Amino acid sequence: MYKIENFEIYTTHQRKRAIEDLYKRSTLALSVMSLFAFNSPASFAMNEEEDMKSHVKASYGAIAKSQKPCFSCSSKGCDEGQDKPSAKEYSIGLGYSEQELEESVGADLGLGCGNPGAIASLKEGEIVVDLGSGGGFDCFLAAKKVGSLGKVIGVDMTPDMIELARANALKRNYTNVEFILGEIENLPLSDSSADVIISNCVVNLSPNKEAVFREAARVLKRGGRLAISDIVTTTELPEEIKGNIELYTGCITGATKLDKLKSMMEAAGFGEINIDVKEDSRSFISKWAPGSNAEDYIASAYIYATKLQ
Ligand SMILES: C[S@@+](CC[C@H](N)C(=O)[O-])C[C@H]1O[C@@H](n2cnc3c(N)ncnc32)[C@H](O)[C@@H]1O
């Protein structure tokens, strides 16, 4: 906190540095806040994108370091003392089976909003990419399904998440899973190299969703499948939610309207698009940021499509 009265005891040099620091911080805060004052576009200017990604990285880096499950895609939801369901209750509510939870004990940070593996119809030998792989939970479940002839690649931009996922893979002796540091708007993978792309509660966090779908289409083979669980808006978000960076990192503010999502996917080259909104997800979303009433405006959805060309 900067108090003007404290300037009394500063030397001229200290005062100059404090003013410069205050200016830098307020410019960053204003530029981030101003992003949300307008209609939550699907993409932002380059420096604004970087500001938003820094917030997201800081938030998920802290979660990776703490290694404590959140059971909410929300930094607010990770707060101690919140009324939260048990780990198992939360993940079963997202659509995981008891067997899946047992198979990946300890890797579930509870940061998802569904179970993309449930709609991906993974087969033995397939190459799978997980966008925003976090601690690796969905990758490990996919690795069992594709077997030793297949491979799963998790991509995440937060170094601490990649470190955690690699440690989890070592602990579990997975040899068909790899974790790569990178951004989903610029995937570090070659063209037409994957059969399936999965993702769990990550696309909403991207300030450039058009680029995410373009990259997904580039990396998928022709006829390849996109199977995502993510947050969508079902009603226009109110201004107080749009302007809240904490709710952005918590998978609320960055949600996209269904028609916009569909047109971005079509423009990227996807067809057979199916977006299935899960009305019952509103009950777990209500615990993400209590008091915000976010559940009245957003819901979790299963998003499925195939690459046409
Ligand atoms: C809500 S968590 C979900 C993690 C994981 N999918 C799960 O369900 O446990 C979001 C993850 O996506 C990553 N992420 C967010 N934006 C990203 C981006 N633009 N590029 C790559 N990773 C991103 C974060 O670092 C974080 O690990």
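Note that the structure is a prediction, hence the values are computed from the model and not measured. (Residues numbered from 1 in each chain as written. Predicted model: local features only at pLDDT ≥ 70, side-chain atom pairs only at ≥ 80, totals over all residues. Heavy atoms only, no water.)

Quick look at the overall build of the protein
For the protein, the helix and strand inventory stands at 12 helices and eight strands. For the protein, the proportion of its 309 residues judged to be buried stands at 52%. Sequence-distant contacts in the protein: of pairs separated by 6 or more residues, those separated by 24 or more amount to 74%. In the structure as shown, the protein presents an accessible area of about 14500 Å², 53% of it carried by carbon and sulfur atoms. (Helix = DSSP H or I, 4+ residues; strand = E, 2+ residues; numbered from the N terminus. Buried < 20%, exposed > 50% of the residue type's maximum accessible area, 1.4 Å probe, protein only. Contact = heavy atoms within 4.5 Å. Areas by Shrake-Rupley, 256 points an atom, 1.4 Å probe, with all protein chains shown as cover.)

Focus: helix α8 (residues 209-219)
Residues spaced three or four apart along an α-helix point in a common direction, a consequence of the helix completing one turn every 3.6 residues. With eight of 11 residues buried, α8 lies mostly within the body of the structure. Considered for burial, the residues of α8 that qualify are K209, A211, V212, F213, E215, A216, A217 and V219.

Some thoughts on the nonpolar core
Formed by 37 residues in total, the largest nonpolar core has its most connected members in Y60, I231, C251, I252, W288 and I298. Counting only elements with at least two residues in this core, the list comes to α2 (46-66), α3 (87-94), α6 (137-146), α7 (159-171), α10 (245-249) and α12 (281-285). In this structure C251 touches Y60, C73, C201, N204, L205, I231, W288 and I298, once residues within four positions along its chain are discounted. In terms of nonpolar packing, the next biggest core, distinct from the first, is built from 30 residues, V155, F213, V219 and I273 among them. (Core = buried A, V, L, I, M, F, W, Y, C linked by side-chain atoms within 4.5 Å.)

Concerning the state of the cysteines
A full pass over the atoms with the stated rule returns one disulfide. Each sulfur of the disulfide joining C113 and C201 lies 2.3 Å from the other. Between C113 and C201 the sulfur-sulfur dihedral comes to about 120°; the bridge is accordingly right-handed. Of this pair, C113 sits in the loop between α4 (98-103) and α5 (117-120) while C201 sits in the loop between β4 (194-200) and α8; the two residues are 88 residues apart in sequence, bridging distant segments of the chain. (Disulfide = S-S within 2.5 Å.)

Quick notes on the site of the ligand
Near the ligand you find 23 residues, and of these G132, D156, T158, I184 and E185 are the closest. Take M157: an N or O atom from its main chain is 3.1 Å from a nitrogen atom of the ligand. Between a nitrogen atom of the ligand and a main-chain N or O atom of I184, the distance comes to 3.1 Å. Here the ligand, which alone exposes 590 Å², has 99% of that area covered by the protein. Here the shell around the ligand takes three residues from α2, the largest share from any one element. Residues that form the shell around the ligand fall into these classes: 11 nonpolar, seven polar and five charged. (Near = heavy atom within 4 Å. Polar contact = N/O pair within 3.5 Å; in protein donor to acceptor, adjacent residues only side chain to side chain. Nonpolar A, V, L, I, M, F, W, Y, C, P; charged D, E, K, R; others polar.)

A few points about the packing of aromatic side chains
Enumeration over the complete set of coordinates arrives at five aromatic pairs. With 4.9 Å between their ring centres and 15° between their planes, F140 and Y174 make a pair best called stacked. On the criterion of sequence distance, the pair formed by F140 in helix α6 and Y174 in the loop between α7 and β3 (177-181) is long-range, its members being 34 residues apart. With respect to burial, F140 and Y174 carry one shared label: buried. With a centroid separation of 5.8 Å and 75° between ring planes, the pair formed by F140 and F179 is classed as edge-to-face. Taken as a pair, F140 in helix α6 and F179 in strand β3 lie far apart in primary sequence, 39 residues in all. For F140, a relative accessible area of 0% gives the class buried. (Phe/Tyr/Trp six-rings, centres within 6.5 Å; stacked < 30°, edge-to-face > 60°.)

Re the pattern of salt bridges
For the structure on display, the rule yields 15 salt bridges. The salt bridge partner of R218 is E215, with a shortest N-O separation of 2.8 Å. Of this pair, R218 and E215 both sit in helix α8, three residues apart, roughly one helical turn. Classification of R218 by relative accessible area gives partly exposed; the value is 25%. Within the structure, one salt-bridge network assembled from shared partners comprises E236, E239, K242 and K257. (Salt bridge = Lys/Arg side-chain N within 4 Å of Asp/Glu carboxyl O.)

Structural notes on the pairing of strand β5 (residues 220-233)
Looking down a regular strand, the side chains alternate between one sheet face and the other. Summarising burial for β5: 11 of the 14 residues are buried, a large majority. Sheet topology places β4 next to β5; six bridges connect them, and they run parallel. Looking at β5, one finds that I197 is bridged to L226. Handedness of the crossover is the feature at issue here: the chain leaves β4, passes through α8, returns alongside β5, and the resulting connection is right-handed. The sheet contact formed by β5 and strand β6 (residues 256-257) spans two bridges and is parallel. What sits directly across from V232, in β6, is T256. (Pairing = 2+ DSSP bridges. Right-handed = clockwise from strand over helix to strand, strands pointing away.)

Quick notes on the packing of α8 against helix α11 (residues 258-268)
For the pair α8 and α11, the least separation of the axes is 8 Å and the interaxial angle reads 40°. One finds that α8 runs oblique with respect to α11. Our pair here, α8 against α11, has a crossing hand that is right-handed. Along the contact surface, α8 presents K209, E210, F213, R214 and A217, while α11 presents L261, M264, M265 and A268. Each residue belonging to the contact of α8 with α11 can be placed in one class, and the counts come to six nonpolar, no polar and three charged. (Axes fitted to C-alpha atoms, helices over the stretch in contact; angles between N-to-C directions. Parallel < 35°, antiparallel > 145°, perpendicular 65-115°, else oblique. Left-handed = near helix turned anticlockwise from the far one by under 90°.)

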